[in-house]
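Working through the structure, step by step
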Amino acid sequence: AAVLPSTTPVGTGTITLTNNGQSTQAPIQVVASAVGLDTLYGAGSGAGVLTDANFNPIGLTNSAMPGQAVVLWGSGVGADTSNSDTTYPQNQNNLTNIPMQVYIGGFSASILYRGRSQHPGLDLIDVVIPANVTPGCYVSVVVATGSVVSNTVTVPVSPKGGSCSDPALGLSGTQLQSLAAKGATPVKSLALTGS
């Protein structure tokens, strides 16, 4: 893993990797911003890494509420030349010069902050969950910067916080978390009926 320096020019370029005196090169395309949202299991999709304003994890039994400020974790917000890209702690500059939209459940979310966390290569986007989002355990979250769209992740949303409720499955976040903790379970018989 590496952090692309903020002074890297936008456009086509070459990246060189050197290991034990051997080098290899590959072409790269550098854009002003290309957000990648972190996921709980590192798969690039599924449950996103989100926290509340006090950095408590948002999850199936600790849902976000409409109107609540939450923190999206990821990388690729864009260049911040006032930071060294390698030292800790990073300056937390709100990079409002980078055009960005965040959509939660298909609704535009208000962005409060976009920029570095305290750690090089780890960015934060502070947003407010839109008031009109339909609650559920798997509400979509996506970030657009210009014509570049992030990976899609999910966040549980419940009107009162706490355990979410999934309308499609008819299960609560507590039930879903309990099922996930059991791991794989063999199914010996399955019957599907229709009307």
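The structure we're discussing is the one just above.
Below is a summary of the structure that appears in this document. Fair warning: this is a prediction, and the values are worked out from it, not measured in the lab.

What to know about the pairing of strand 9 (residues 123–128)
Relative to strand 9, strand 6 (residues 69–75) runs antiparallel, the two being bridged by six bridges. For L72, the partnering residue across the bridge sits in strand 9 and is I125. Pairing geometry for strand 8 (residues 107–116) and strand 9, over six bridges, is antiparallel. Along strand 9, the bridge assignment pairs I111 with V127. As consecutive antiparallel partners, strand 8 and strand 9 are separated by six residues, and within that stretch G121 has a phi angle of approximately 80°, a positive value.

As for the pattern of salt bridges
Here the idea is simple: oppositely charged side chains can pair when their charged atoms come close. Considering all chains together, one arrives at one salt bridge under this definition. The residue R116 makes a salt bridge to D123 at a minimum N-O spacing of 3.1 Å. Comparing R116 with D123, the two get one shared label, buried.

Criteria and cut-off values
- Along each chain, residues carry numbers from 1 onward, in the same order as the chain's sequence is written.
- Two thresholds apply to this predicted model, a pLDDT of at least 70 for residue-level local features and 80 or more for giving and counting side-chain atom pairs, whereas whole-chain, interface and lining totals are computed over all residues.
- Only heavy atoms go into the side-chain values, all of them from the structure, while hydrogens and water stay out.
- At least two DSSP bridges between two strands are needed for those strands to be called paired.
- Secondary structure counts use DSSP, requiring at least four H or I residues in a row for a helix and at least two E residues in a row for a strand, with both numbered from the N terminus.
- Whenever Lys or Arg places a side-chain nitrogen within 4 Å of a carboxyl oxygen from Asp or Glu, that contact is recorded as a salt bridge.
- We call a residue buried when its accessible area falls under 20% of the maximum for its residue type, exposed when it is over 50%, and partly exposed in between, using a 1.4 Å probe and counting protein chains only.

Taken by themselves, the reported measurements are silent on function.
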